[in-house]
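Topology and contacts: notes
What follows is each chain in one-letter form.
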Amino acid sequence: MPSSGHSFDLAALSERSAEALEHVGTPAADARLTARSLVVADQRGIYSHGLLRLPLYVSAIQKGGIKPRPNLRWHREHEAVAVLDADCGLGQVAMQAAVDRVKERATRFGIAAVTVQNSSHYGAGAFWSDQLVAAGMIAFITSTTGPTVTPFGGTQSVLGTNPLTLALPSSGPHPLTADLATSAGAYGKVLAARNEGQQIPDGWAIDQDGQPTNDPAAAISGSLLAFGGHKGSAVSVLLEAFAATLGTSYFAHQTEDIWSNPSSRMNTGHFVIGIDTSFFTNRKHTEDRVAELQEAVRSARGNGERILAPGDIEYGNHEANSKRVTLSSSTVVQLNALFAACGLNELAPLD
């Protein structure tokens, strides 16, 4: 939960956020999808990928970095694989088309993959993997981003935060899901720390001189570090290759991030694989085994700490925040300014 802020009605917040996107020309259905993806991230406590980003999306639409009404086009369509050109549209719109295609084709062939080119930020990856695991599928999802991360031992921002989402369906309360940036800290968390006047943890970033820093502003002008030293750096490089090289998307170092220039057309690439578990032993077998593994992890002996399986915190937050969302004070200020600029009323907090 944010260190300070207010809670808002979830439905009202989603509606008002969609209205802001509609105000700048986004079709209603696309606006609702995009707003919902951001609100769900905030529900789960993934504030780096929530409504913190709504003013950026609106600014990018206004300044030409994102098209509000893209013409999505399929290229190189084969039975189980395809390339989708997002035409500089919202990443959520392109990803919904990609996930729908993967679900339909994996149901027929057991596995399917789509690469998306010419896109933009798609929000939190678990929003998309949830749709695949609900259909009994294993999900692998990644994306390029803007240049914010230096390779292991470097000082120059060459890589993106290159998120990785892996998920399997479970007969337990929720899927087994890992949804993470391959930077030590998500870029959105660094931005949030700057907005809220907080420091970032040790090991997250270096400044322009290559020195370790806890100052989020210095980190933004410098570089973030990959998680896990040389191993995490290697994973980040490979994920960028997965997301960019199967289509015509740019590498991070070839782009200018819309955070620094909202008119930048980043040509972001996404990559989605879905594997239908029913083509193997059977769906129930897989889901029961996944649930067994989750419980084994949770029951592991700890030093007075509760042991959690991947995804427990996020899904627990989602359930606890089924009707309200708590936002940081800095995000509320930015949203209210956005709503006012769009001729919309401010939202009344619940507390």
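Quick notes on the rules
Counting restarts for each chain, with residues numbered from 1 along the sequence as it is written. Since the coordinates come from a predicted model, pLDDT governs what is reported: local features require at least 70, and pairs of side-chain atoms require 80 or more to be given and counted, while whole-chain, interface and lining totals use all residues. The side-chain figures draw on all heavy atoms in the structure; neither hydrogens nor water molecules are used. Segments assigned H or I by DSSP are reported as helices when at least four residues long, segments assigned E as strands when at least two residues long, and all are numbered from the N terminus. This radius of gyration counts C-alpha atoms alone. The globule rule is 2.2 Å times how many residues there are, raised to the power 0.38. Relative accessible area decides the class of each residue, using a 1.4 Å probe on protein chains only: under 20% of the type maximum gives buried, over 50% gives exposed, and in between gives partly exposed. Two residues qualify as a contact provided that any one of their heavy atoms is within 4.5 Å of a heavy atom in the partner residue. Only the protein chains shown count as covering a residue, and every accessible area follows the Shrake-Rupley method with a 1.4 Å probe. In summary, the charge assignment counts Lys and Arg as positive and Asp and Glu as negative, without counting His or the chain termini. By convention, charge coordinates are those of NZ in Lys, CZ in Arg, CG in Asp, or CD in Glu. Pairing of N or O atoms within 3.5 Å defines a polar contact, subject to two protein rules: one partner must be a possible hydrogen donor and the other a possible acceptor, and residues neighboring in sequence count only if both atoms are side-chain atoms. Think of a 1 Å grid over the protein atoms and nothing else: a 1.4 Å probe that fits but is trapped marks a cavity, an open set flanked by protein within 12 Å on at least five of seven lines marks a pocket, and residues with an atom within 4 Å of a point count as lining. Grid points are joined across faces, edges and corners, and a volume is the space filled by probe spheres set on the points. Residue type decides the class: Asp, Glu, Lys and Arg count as charged, Ala, Val, Leu, Ile, Met, Phe, Trp, Tyr, Cys and Pro as nonpolar, and the leftover types, Gly among them, as polar. In this scheme Phe, Tyr and Trp rings, the latter by its six-membered ring, pair at centre separations within 6.5 Å, and the angle between planes marks the pair as stacked below 30 degrees, edge-to-face above 60, and tilted otherwise. Note on terminology: a nonpolar core comprises buried Ala, Val, Leu, Ile, Met, Phe, Trp, Tyr and Cys residues joined through side-chain atoms within 4.5 Å.

This brings us to the overall build of the protein. Per the secondary structure count, the protein includes 11 helices and 13 strands. What you see for the protein is a C-alpha radius of gyration of 20 Å, in line with the 20 Å of a compact globule of 351 residues. When burial is assessed residue by residue, the protein has 53% of its 351 residues classed as buried. Within the protein, counting contacts between residues at least 6 apart in sequence, those at least 24 apart form 68% of the total. Split by element, the accessible area of the protein, about 15300 Å² in all, is 54% carbon and sulfur. Side-chain charges of the protein comprise 26 positive and 33 negative groups, with the mean position of each set lying 5 Å from the other.

Structurally, the position occupied by S143 is in strand β5 (residues 137-143). Note on S143: relative accessible area 4%, which makes it buried. Separated by 3.1 Å, the side chain of S143 and the backbone oxygen of G269 make a polar contact. A polar side-chain atom of S143 sits 2.9 Å from a polar atom in the side chain of H270.

What the largest pocket holds in volume is close to 800 Å³. Around the largest pocket, the lining is made up of 45 residues, and of these S48, H49, L180, A181 and A186 lie nearest the centre. Breaking the lining of the largest pocket down by element, the ones donating at least two residues are α3 (54-63), β8 (176-180), α6 (187-195) and α10 (312-320). Among the residues making up the lining of the largest pocket, the classes are represented as 19 nonpolar, 20 polar and 6 charged.

On to the packing of aromatic side chains. Applying the stated criterion to the full structure yields 4 aromatic pairs. Judged by centre distance (6.2 Å) and plane angle (75°), the rings of F140 and F271 are edge-to-face. In this pair, F140 is assigned in strand β5 and F271 in strand β12 (residues 268-276), connecting sequence segments 131 residues apart. What makes F140 buried here is its relative accessible area of 18%. Ring centres of F242 and F271 lie 6.3 Å apart, and the angle between their planes is 10°; on these two criteria the pair is classed as stacked. In this pair, F242 is assigned in helix α8 (residues 229-244) and F271 in strand β12, connecting sequence segments 29 residues apart. Assessed through its relative accessible area of 38%, F242 is described here as partly exposed. Look at F271 and you get buried, because its relative accessible area is 8%.

The nonpolar side chains of a soluble globular protein tend to be buried with one another. Within the largest apolar cluster, 32 residues are counted, with the highest numbers of intra-cluster contacts made by L13, L21, L51, L54, L327 and F339. Of all the elements in the fold, those that place two or more residues in this core are α1 (10-23), α2 (28-43), α3, β13 (324-328) and α11 (329-341). Leaving out residues up to four positions away in the same chain, L21 has contacts with T26, A31, T34, A35, L54, Y57, V58 and I61. Ranked by size, the runner-up nonpolar core spans 23 residues in total, among them L33, V40, A86 and V133.

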